[in-house]
Amino acid sequence: MEFLKDADLRKLNTFGVNARAAYFAEVKSIDDLIAVREEMLKNPVESFMVLGGGSNVLFKEDYPGLVLRMMIPGMDIFHEDADSYVVKAGAGEVWHSFIVRLLDAGIAGLENLALIPGTVGAAPIQNIGAYGAEAAERIESVEVFDINSGEILELTTEECDFGYRSSIFKKKENHHLIITGVTFRFPKKWQPNIGYKALAEEIEINRFPELRPEDVFSCVVALRRRKLPDPSKVGNAGSFFKNPTVERDLFSKLLRTNPSVVSYPLAGGKYKLSAAWLIEQAGLRGYRMGDVGVWEKQPLVLVNYGHATGEDIYALAQDVRLRVKNCFSIKLEPEVNII
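Attention in this report is confined to the structure presented alongside it. (Residues numbered from 1 in each chain as written. Predicted model: local features only at pLDDT ≥ 70, side-chain atom pairs only at ≥ 80, totals over all residues. Heavy atoms only, no water.)

**A few points about the packing of aromatic side chains**
Stated formally: Stacked, tilted and edge-to-face are the three classes applied to pairs of Phe, Tyr and Trp rings, where Trp contributes its six-membered ring and a pair requires centres within 6.5 Å; stacked means planes under 30 degrees apart, edge-to-face means over 60, and tilted covers the rest. Numbering goes from the N terminus for both helices and strands, where a helix is a DSSP run of H or I of at least four residues and a strand is a run of E of at least two. A simple rule labels every residue: compare its accessible area, found with a 1.4 Å probe on the protein chains alone, to the largest value its type can have, and call it buried under 20%, exposed over 50%, or partly exposed in between.
Tallied over the full model, the rule gives nine aromatic pairs. With a centroid separation of 3.8 Å and 10 degrees between ring planes, the pair formed by Phe251 and Tyr271 is classed as stacked. One end of the pair, Phe251, is in helix α7 (residues 248-257); the other, Tyr271, is in strand β16 (residues 271-273), with 20 residues separating them in the sequence. Residue Phe251 shares its accessibility class with Tyr271, and that shared class is buried. An aromatic cluster of three or more residues is present, and its members are Trp95, Phe98, Phe184 and Phe186.

**Focus on the nonpolar core**
How we decide: To define a nonpolar core, start from buried Ala, Val, Leu, Ile, Met, Phe, Trp, Tyr and Cys residues and group those joined through side-chain atoms within 4.5 Å. Contact definition: two residues touch when any of their heavy atoms are within 4.5 Å.
Counting residues in hydrophobic clusters, the biggest one holds 58 residues, and the most contacted among them are Leu68, Trp95, Phe98, Leu110, Leu113, Val142 and Phe184. With sequence-adjacent residues up to four places away left out, Phe184 is seen in contact with Tyr85, Val86, Val87, Trp95, Phe98, Leu110, Val120, Arg138, Ile139 and Glu140. Ranked by size, the runner-up nonpolar core spans 45 residues in total, among them Val17, Ala237, Leu278 and Ala282.

**Things to note about unusual backbone geometry**
Of note in the backbone geometry, Tyr131 takes a positive phi value of approximately 50 degrees without being a glycine. Looking at the element boundaries, Tyr131 is found in the loop between β8 (129-130) and β9 (133-134). Of note in the backbone geometry, Ser329 takes a positive phi value of approximately 60 degrees without being a glycine. Along the polypeptide, Ser329 turns up in the loop between α9 (310-328) and β20 (337-338).

Okay, structure coming up:
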């Protein structure tokens, strides 16, 4: 495989910011990862990172180490029983295309997560979610390459420790585990997940004679296209912030002064708040600083209108966090991986 020096990353991140990697290589197989490990043993690098679709990353500056672009392909329905399909996909498969291929094969279960940018391998890291569904609900196991030992491991969902936009893969101590494939289990008896208000309303408007997985898929795609900017036209990384979780006391105080607060009750008396609502109520919908701004149609999304730098976008994010904290005493946490 080829190792490049001083590689341009602008077209490999959906914010479209200028950034360069000291070293760069494309990974198309586990054999490539073995070659990467051997090279790193002979010529140690300052650090390394894995890049999928570049849709959940913000480069504040150039990367001083090795960037590995994950491109392992493949989709295999390798097991089927009376109740379910078990499907394995390569980490480099494009997430949305993977869902389309599943539906074409008559396999449903990920339609609520349609049009989320990125790759299959990135899905477990963030435990991506949308419209009332999360990837972890369908993940059976995750195959990883341990770049320290050279071993290939299969981690169960329990070992992955999935949570809200989190997993063991986000922890620094597990940075040596590189996801190479993900195995999913899909029940043959499909049950639509349409409890999310916006999705339920979209389905109601369309008045489908008999709801099919493809109908849910098309509604999710329509919703996302209306609310979110196309990264090929306006640089962005989707939702920039996580929805914050607060204790009952803080929620009660917030509710007294803001009865319209958008919230979701959780176990243990906690509440998840809508970060988009908080940002909007802080007066930031459509807010702009030069070439960066808060997207008019979805305040969770920060956008690059042209020639913004990673530092420009980061500065806007910090400004948004400060204003929300000043208004509500709530600290927003980035969902995007800031390099």
